[in-house]
Every structure is written in C-alpha cells, then in structure tokens.
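Overview (structure and organization)
Now for the letters of each chain:
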Amino acid sequence: MSAPSPVVIVVEDEPQIRRFVRMALESEGCEVFEADTLKRGLIEAGTRKPDMVVLDLGLPDGSGVDFIRELRTWSGIPVLVLSARTAEADKVDALDAGADDYLTKPFGVGELLARVRAQLRRHARRGEDGQTALQFGKIKLDMARRLVEKDGQTVHLTPIEYRLLSYLIANPDSVLTHRQLLRNVWGPSHSEDSHYVRIYMGHLRKKLEDDPSQPVHFVTEAGIGYRFIA
Amino acid sequence: MTDQRPDPDQLLERIKEEDARAKRGKLKIFFGASAGVGKTYAMLAAARQQQALGVNVLVGIVETHGRAETEAMTAGLERLPLRETSYRGHMLHEFDLDGALACKPSLILMDELAHSNVAGSRHPKRWQDVEELLAAGIDVYSTVNVQHLETLNDIVGGITGIRVWETVPDRVFDAADEVVLVDLPPDELLQRLKEGKVYLPHQAERAIRNFFRKGNLIALRELALRRTADRVDEEMLQYRRDQSVSSVWQTRESLLVCIGPGRGNDKIIRNAARLAGQLNVPWHAVYVETARLQRLPETHRDQILKTLRLAEENGALASTLPGEDAAVQVVQYARSHNLTKVMAGRDHPRPWRPWYRSFTDRIGQLAPDLDVIQVAREEPEEKPGRWSAKPSQREDEGVNWITYGYSAAVCGLTTLLAWPLYTYFDLANIVMLFLLAVVMVSIRWGRGPGVLASFLSVAIFDFCFVPPRFSFAVSDVQYLMTFAVMLAVGLVTGQLTAGLRYQAQIATQREARVRALYEMARDLSGALMPEQIGEICARFLAIGFEARATILIVDLSEQLVEIHTQSGAAYDRGIAQWAFDHSEAAGSGTDTLPASPVLYLPLQAPMRTRGVLAIEAQNPHRLMAPEQRRLLDTFARLIAIALERVHYVEVAQSTTVQMESERLRNSLLSAISHDLRTPLTALVGLADSFSLTQPPPSGQQQEITAAIREEALRMNALVNNLLDMARLQSGEVRLNLQWQPLEEVVGSALKAMRLPLARHRVRVQLPDDLPLLSFDAVLMERVLSNLLENAAKFTPVGSLIEIGAKAGQGEVEISVTDDGPGLPEGAEEEIFKKFARGQKESATPGVGLGLTICRAIVEAHHGRILAENRPGGGARFVFTLPLGTPPAVEEREDMVTQEPIHS
C-alpha cells in the first residue's frame, strides 16, 4: 500500500545538523521541510500540514518551549525535541508544554529514526479507540475487565497503580514528566509530591518487570520522568 | 468593677522575666542577722548535699576564718584557687572571676555577697561578680548579713552605732531565687562568741564587742526575720497574682525623689528605694542644677553625682535637670513622667527668715495634687575634707574681677557725664543717669558687678551731688529713698540678668547637644565605609566631649578590629571584648572596671552588637553625669545603626558581585558547551548518514565513518567531563534534590551504560526495604555511570560487575564491585585526583576526570566516596549518601486491593 509519505518539519538553526536530519528522515521516506527560526518554523507548521515536528530548543529568535506552546494551541502532532545534555530543566519545560519526546545532542541517526518512527506510529494509531486488550512482553491487559496478567498469573494492582498503568499505556513511547503523571493520575492537588510517582512506579515495576532494577517497559528518564515502552 | 483575669501586660512581663531567669543561673542567699549565726556552715552543708546529688560544685570563695568545723565542711569540695594581685606592693588575694567562668561549674559558692573587691578587680563589688556568674548560667550560693542590705544600712547603723560601708543593693537580694534565713537565738550566739567560735577582726575587736550586745542582737534578729517575711510576703503576692486570686487593682504610680545640694541625700535615696520596693513601683531620682549649684566646688558636685549613681544602682531612673527654679522643674518632671509622689529631704526650720518657704512647701503650692513625702535628713559625723569646699578653679573667676573693674569704670564715667549737667538739671533727673548705669552694668555683667555699681552709684551720687556736696552726709532724708530704690534696682536687674544668662547658657548647651546629634546623624547617614564612621565619631566626640574615641567592630571571624582614626583612645582590648561579649558598658564610671580611664560602650544595633566604642575623656567626670551618658548612649546607638547599615550595604554589594559572576560563569559555560557540542552533533550525525548516501559506501569507508563517529563521541564525553568539572568546581552546583528510590537511578545508569557494559555481566542487589533517598537524579546517574564505565573499562570481557547497597548508621552505602585486576597498590586515593588513571599511559581511553567528578558530586550530597581492593581480587568503589526522613506517603487508597471484574 502506498500511504502518503509523512510530512516532518525540522526546526533547527545549525545547517549541518539540519542537513543530516533531513537526509535521515528522507531515507525513511518522509517529506521534510526545514526552518531555521522559530517564526519560520511556525509558518511551516501552519502551512505544510505536518505529521511531526523535530525541534531544536535553542533557536536564535526564541525558545523552542514557546514554539511548542504556540503549536499546541491548534495541533496535537508529535514533537520531538533536540536539546543539550545539561539542560534537564529545559527538557522538562518542553515536555510539560506538550513535547512528546526528546533527544540529547549528540545523537546518532539510528536513535533519531527510532524515535521518529515511534512517534509517527503512535500518532497514526491515535484514532483507533476502543482497544480493550493489550499485550506487551509477558504482560496481558484486559481493559474491559480491568485484569492484569503476567505469565498467565493474575497480578493484583491497587486503584492508583492501575490508573498509573493505564495512563502510561495510553501514551506509549512518550516521555511523561513527573508533573504530568501526578496531574493525570493523582489529580492537580498533588502536583508537587513527585515521590508519589516514584514510589508507585517502583510498585508497578516490582509487580510487572522481570528485573525491576533494569526495567524494560517502565523506563526512567533521570531527572525528567518516565517512558513506557511496549 | 473587679476583674478576676490577670492583666495580660503583667503576665507577659512575668513570662519575659521567667524566660530571662531560665537562662540565668539561680541565686540562693543564706541570710543571717549577724556574723556568727552559721550562714557559711549552712551554705556548705547545702552545697555538700547538692554534690551528693551529682551537681558539679565549686567553692569560689569561702571565708572559714580558721574555724575548724567550717573548714571540715569544705573538705571534699573542689576549691577555686584565689587570684593574686599586687597592689601598692602588697600581695592581695581575690576571687578569680575568669577562672570560675572558665571552670563552668553548675554551682559555685560565693561567701560574703557584700564584700568589696580589691582594687584592680573587674567589678568593685562581689555582688557584681555574682551577677556575671548568674548571667553565665551558673547557680550561686551566697551569704549576707542583714546590716549589709543597702536600705537597712541606716536603720542598723542607728540601732548599733556601727556603720558598715560594704552594702548590697536590695534588688540583688530581692531578685534572689531563694533566701534561706539562718537563725540563731541571741543567747546561743553570745555563747558561741564566748567560746570564741565567732570570728572578729582584731583591729576593731572592741567596737565589735560593743556590737554584740544582746539588745542589738535581738533588734538585728527582728530585722532579719522581718525582711525575710517581706520577701515571703512578696512571693505570696506573686503567687496570688499568678493564680489570679487577687482582685486588688494596682496603679502604676511611681515615685520621684529630689536630691538637693544639702546633706543626707544618701539616706533619702535609701528610704526611697525601700519605699519603692515596698510599693513595688518604679522610681526616679532627679537633681536640679541651677546656676548657683553649677558654681559648687567639684568635690561637692562629684558627691551629688555619686548619690545619683547610688539611686541608679538601686533601680532608679536618675537625671540631672537644668533650670533656675528647682521646684518648678521637679513639678514639670513629675507631670511629664506621670509621677504622683514626690519625696524630698526636709529643710531645717529657719525662724530668722519667716518669709522663706521650704522646697517641699513650694512643691505643695505649685502642685497641690502631688503627694509630698518629707524625709528627715540625718547629720552624719562630718568627715574631714568631705565637705570642706575648695573653691573651684573656674576660669570665669578671674574674668569676674575685671567685670567689677568695668563696673567701677562705668560709674566713674557716669559721674563725669553728670558733672557738667549738675547745674542744669534737677537731682532727681541726675539720679536717673546713675540708675541707667546700674541697669546697664547688671545686664552686661550680671549680679555681682550690678550690686557693686549700685553701691558705687549711691556713694558717688551722695558724695558728689547730694547736698551737702563732697560729703557723705545727707541733709534730706528723702534721698535715702533714692538710695534704696537704686540698690533694689541693681539687685533685681542683676538677679534677672543672671537667671536669663544662665537659661541662655543652658539653652545654648542643649541646642549644641541637639545640633551635635543632628549633625552626627546627618553625617553618619552619608557614610559608606566603616572608616568614615570612625572619623565622624572621633570628630564629634572630640567636639562634644573633648574626648578621643576609637571604634572597634567585629570582623567576619568575630574578632574586634579597630577602625583606625587619626587620634584614637588608648583602649584595652580585654575590657573592650568584655563589653562586647556582655553587651554592657564597661570602664570609667560603670560597674565594671571603673578605675579604667576609658569608657567602653557596646554598639548595639537592631540585629546584633556591632562593636565597641572606646571613649577616653580628658575629664572622665563629664562622662559620668547621667544626661551626658544618655547622650553618649544615643551617639553609640547612632553609630551602631550606621555600622549595621554599612555592613548590609557591603553584604548586598558582595551578593550582587557574586550573583553577577555566577551568571557570567553560567552563561560562559553554556555558551562553550553549545559551541562545542553543535559541531560534534553534526559530526556524529553526518558520519552516521554517510551510510545513507548513494551508492552505498564500501566496507572500508563504513569502518572509517564508524571510527569518525566513535572519536566524535569520545570528544563529546571529554567535553562533558570538562564542563561538568568546571561547573562542580565553581562550587555553585544547584542540586535538584528529590526523594526517590535508589533502584530507579541504578536502572537509568545501567540503561545509559548498556553499550560499554554489553560484554560484562552485571548483577544488581538492592535490599527491598531501602528507604527513599534525597539526591539529584541526574548527577547520581552520572556517578553510577562513571563507576560502571570505569569497571567496564578496566576489567576483562566477561567480568562480573555488582551493584549493591546497604543501609547503615545514618547513611546508605552504595558499592560498585568488579572481579577484575583491582587497583594498583597505593593508588586508592590517587585515582580520585584530577587526570589520574589506574595505569599510566595505558591505551585505555578516557581522561581521568570521571572519578574526580564522582567525588565532587558525592561530596556535594554530603557523602563520602572511596576505592579499595577486594580481598578476593577486584576493585570496590563505595560511596555513601545520608539517610534523611523521607516525606510521608498517603497509602490510604492503597489499602483496597483491586478486585478484577469478572464478566
């Protein structure tokens, strides 16, 4: 089948980085539009009907976080953020503003493509609601019956654990910050108690992961949050 | 209306008192009617009991006077050695205050509270030593006899005929936490005296034998019992106040005591202190200094100042008021301070001046609503020299004589002027000329010359003009009237002018004082450096007090440092330090080391004591006058506030500079990191995308691009390390501390290091019950990553790397262990240094910054990191993180187990 090639906008001020990102994405069959400033990027995003944005946080005419806020007012397309290693706070800000994933510079083509693919896949699947059963690894989830099984054994989850698991599963491959998880699972009044998330994430891992200290599905993004990988 | 609830202000006052008391030591006084009743013995017995209970008791000073039974009681108690001072060639022994403070006992015994310390001690009186001990939180036991109480001194003196000069202010006695009355019936005491068990100093034996008469002893015993009863009464009242049983409405009326130039002031003060104590009201003591009194000899003025100080010691607020009419001033003062009772000495009746109204009468007349209490003045045996007034060496004394000369000259001139007029004018008009002269002289030069002018004018007028001329004989009696009027005019005018001039002088002084304060405040407000404040202070004290001054301020290490000025006071660092430590004035004219020529005032600002102001006056007496001291205190306050302001200006400046440099460093670091990383990112990405080019690259080309990629990543690691190190070393890394499980960061480190660890076996053993720890996840991941990377780098393929943790005493120990070749002998510490590597010049890549960064991060978390070789071979890296109190987690919802819904 010949699905229309996904449109990706790359907002990045460094021409060499733009160049290899473009090469990599085109090798995946994407149609790529480039922008070197925030303003240009917003124009491209508004006119090209993109399926995804790859965004550098440090742009000459503003912060990438502002770009995301602006974009999120009218679009829910995936945003992959490129950022420097030490800027954890910037990443958290970008993710809280609505970015879906991030890549730390320097990154390889392989990593980039893996992330882009995951986000495009997730975005494409977004419409399909009503999915009631799900399987990842050894874990089977029956949403209708609220039943969780691992290796065929029923796993007992508390209501919060179950809510947390559901929220993670609803946003696969995306990085979810502590604050997002707290707000969506515990409610807005708990948004500062980030140790709650950590403790319950620990519970989930103990119940669902083979080796909780080397998780496969519930991955920690140090200083930022968590990512669920099916 | 009766209000059963305690007055909140009173309660607050009591709570404050109790607070202050809790920090202070407790004073227990063993109180007796006379020497020989066994106070010292009772004190020692009580002390021994305390020691048996495990209290650390120190004998500060105990006078056993060689009595064996008392001596025996001191056995087993630790004694503080006496301090030796030499005074005029004699070796004197005195209680060692600093020694006692250094020993820090829980309880110290201080016999004879009323004792006067030998010259050169810090405080003139032992009770002041005791105050300092109490302030240092040391409990004190002491003894005192009834005749040594300040306010009972007169009474006891009156009964026994013996005056003691060593006294204790009543407030010390009243402030004691406990008073134990040591009582012995007079007969038994006399018996003891007979047996020689009572110590009597040899020189005064006869006099003292006189003292120990049965009548005296009974009276003293009664006094002692009554004084103790008063105290118990006060305690009772206090208790009732606490319990709010009392419905007595208390007015805060207070007492004003007037001190005159006359004798017996000390007795008035003692009476007032006693009365104020009984009424439990605050009291004031004033001395009105009129022009006449200003001309009193210095010794007399000193005596008055001493009396004022006695009043202050006994708790009064003492002031000197300038003014012409003492009664008016006193009434004004009483009105402005809302004082309802005025106490003054009774004047002697003066039958030869029936028109004279005594001071108290005048007050009664001026203010009928004030209660006036008259106190009988005593006539103390005149001590030779005490009152023998030396005429004061006043400068204007000489000037006065010249003005008398001027006065005579004016009279002469008037005569010359009148001479030619004699023929044309009536005598009544000529006398007007003389009258004018008298008035002018009085106005110009005051009373004395005015009087002289009156007499001279009368004489000249009589001699030269009144018929018969050139004789003092007077033909017409009506001229006597002329003379009398002239004399009266001279006197009245002179008196008026003198008063006016005195008022003007006082007003000028007061204005000068206010102006000095104003100017000083203005100048200080412009000062930006402590040195400027020092200069301003020195200048104003030189002008206002003819004194040299030095400011000592505390530096960062809490040391007093002098602010250098051109002419400083010759201060003593020890006394200055004492004044600073105690926030109390010391030196000249104070309770502490009054013999010192320099006055030390603590500079108390709102936040803390900022330093000490040392003032060396040419005439120290000038500083002793209460209003001068108050002015000085105001000066000191202004200076302290200025110093504090300057201090905070400095703090603000250095903070700004610090923030600025931090901001600069951070922007520099992020600029460098951005500029270095951007090309590296491009390099890695471009090398990767080489494989995407058409036609596909050959195997060799692919190898080369892979190598380029590897090197670029290595370069990136290097840049990361260097930047991290720079950040950590600047000492201003902000830790993003969060409570989190260790397991999580171990997981993310393992994930980050999965490539280097791909060919090693990894085992993680974390206890299940490990509590949450507070750390910066990103930095801790870095520590673990570096340790894992190291382990992977320095061990052969297939080695086992273990991560473990163990909760210990207040900290958690986290270890990364391998079974590789281990560390080189003796390099366990070396490897944490910058650019150090296990093997020198080895081919293993990586500049040795990794472990240095680990150490910096761990130490920033208040942990330790160390490396060691395992006994079985291999290296072990251990770091610790402090255990804290993790925040509570509401597990309420967790209690319900999710029940699967079966369809």
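It should be noted that the structure appears before, not after, this text.
On a predicted model such as this, the values are computed, not experimentally measured, just so you know.

Every α-helix carries 3.6 residues per turn, so stepping three or four residues along brings you back to the same face. Between its terminal C-alpha atoms helix H17 (residues 427-445) of chain B stretches 27 Å, which fits the 27 Å expected from 19 residues at 1.5 Å a residue. Positive backbone phi, at 95°, marks Gly446(B), one or two positions downstream of H17(B).

Moving on to the interface of chain B and chain A. Often, the extent of an interface is quoted as the loss of accessible area upon association of its parts. Contacts between chain B and chain A engage 51 residues on the former and 47 residues on the latter. Taking both sides of the interface into account, the surface hidden between chain B and chain A amounts to around 4300 Å²; carbon and sulfur atoms contribute 59%. Viewed at the interface, chain A and chain B are joined by three salt bridges. Lys751(B) is paired through a salt bridge with Glu221(A); the nearest N and O atoms lie 3.3 Å apart. There are four residue pairs in polar contact (both at pLDDT 80 or more) connecting chain B and chain A.

Residues and elements named next belong to chain A. Within the open sheet, the five strands sit side by side as S2-S1-S3-S6-S7. Their pairing is parallel. Looking at which strands have only one partner, the edges of the open sheet turn out to be strand S2 (31-35) and strand S7 (101-104). Sheet twist, expressed as the average angle between the axes of neighbouring strands with direction ignored, equals 20°. Here helix H2 (residues 38-47) sits on the sheet in contact with strand S1 (7-11) and S2, set at roughly 150° to S2. Lying over the sheet, helix H3 (residues 64-72) contacts S1, strand S3 (52-56) and strand S6 (79-83), oriented at roughly 155° with respect to S3.

On to the sheet that holds strand S24 (residues 865-869) of chain B, then. Residues and elements named next belong to chain B. Strands sit in the order S20-S22-S23-S25-S24 across an open sheet of five strands; the sheet is mixed. At either margin of the open sheet sits one strand with a lone partner, and together these are strand S20 (761-765) and S24. The sheet shows a mean angle of 15° between the axes of neighbouring strands, taken without regard to direction.

Turning to the nonpolar core, a few remarks are in order. Residues and elements named next belong to chain B. Residues Ile 29, Phe 31, Phe 95, Ile 108, Leu 109 and Leu 133 are the most contacted members of the largest nonpolar core, which totals 56 residues. What Ile 108 contacts, discounting residues up to four positions off in sequence, is Leu 58, Gly 60, Phe 95, Ala 100, Leu 133, Ile 138, Asp 139, Val 140 and Tyr 141. Among the nonpolar cores identified, the runner-up in size contains 44 residues, and Leu 823, Ala 827, Ile 831 and Leu 851 belong to it.

What follows covers the packing of H3(A) against helix H4 (residues 88-97) of chain A. Residue and element names in this part refer to chain A. With their axes 9 Å apart at the nearest point, H3 and H4 run at an angle of 5° to one another. Between H3 and H4, the angle is such that the two are roughly parallel. Across the interface between the two elements, Val 65, Ile 68, Arg 69 and Arg 72 of H3 pack against Asp 90, Asp 93, Ala 94 and Ala 97 of H4. Partitioning the contact of H3 with H4 into residue classes produces four nonpolar, no polar and four charged.

The next subject is the environment of Phe461(B). All names here are of chain B. Secondary-structure assignment places Phe 461 in helix H18 (residues 447-465). When the C-alpha positions of Phe 461 and Val 431 are compared, they lie 7.3 Å apart, and in sequence the two are 30 residues distant. Look past the residues within four positions of Phe 461 in its chain and what remains in contact with it is Leu 427, Ile 430, Val 431, Phe 434, Val 466, Tyr 479, Thr 482 and Phe 483.

Analysis parameters
- All residue numbers refer to positions counted from 1 along the written sequence of the respective chain.
- For naming, the first written chain is A and the first written ligand is 1, with later ones following in the order written.
- Reporting of local features is limited, given that this is a predicted model, to residues whose pLDDT is at least 70; pairs of side-chain atoms are given and counted only at 80 or more, and all residues count toward the totals for whole chains, interfaces and linings.
- To get the side-chain values, take all heavy atoms of the structure and skip hydrogens and water.
- Secondary structure follows DSSP: runs of H or I at least 4 residues long count as helices, runs of E at least 2 residues long count as strands, and numbering of each begins at the N terminus.
- One fewer than the residue count of a helix, multiplied by 1.5 Å, yields its expected span.
- Note on contacts: a residue pair is in contact if any heavy atoms of the two residues lie within 4.5 Å.
- When two components associate, each loses some accessible surface as probed by a 1.4 Å sphere; the sum of these losses over both components is called the buried area.
- Here, a salt bridge means any side-chain nitrogen of Lys or Arg that lies within 4 Å of a carboxyl oxygen of Asp or Glu.
- Whenever two N or O atoms come within 3.5 Å, that pair is a polar contact, provided that in protein one can donate a hydrogen and the other can accept it, and provided that, for residues adjacent in sequence, both atoms are side-chain atoms.
- Pairing between strands requires that DSSP locate at least two bridges from one strand to the other.
- Lines fitted to the C-alpha atoms define the axes, with helices restricted to the stretch that makes contact. Angles between their N-to-C directions range from 0 to 180 degrees.
- Put simply, buried Ala, Val, Leu, Ile, Met, Phe, Trp, Tyr and Cys residues joined by side-chain atoms within 4.5 Å make one nonpolar core.
- The buried label applies to any residue whose accessible area, calculated with a 1.4 Å probe on protein chains only, is under 20% of its type's maximum; exposed applies above 50%, and partly exposed to all values in between.
- Roughly parallel here means an angle under 35 degrees, roughly antiparallel means over 145, roughly perpendicular means 65 to 115, and every remaining angle is called oblique.
- Classes in brief: Ala, Val, Leu, Ile, Met, Phe, Trp, Tyr, Cys and Pro nonpolar; Asp, Glu, Lys and Arg charged; the others, Gly included, polar.

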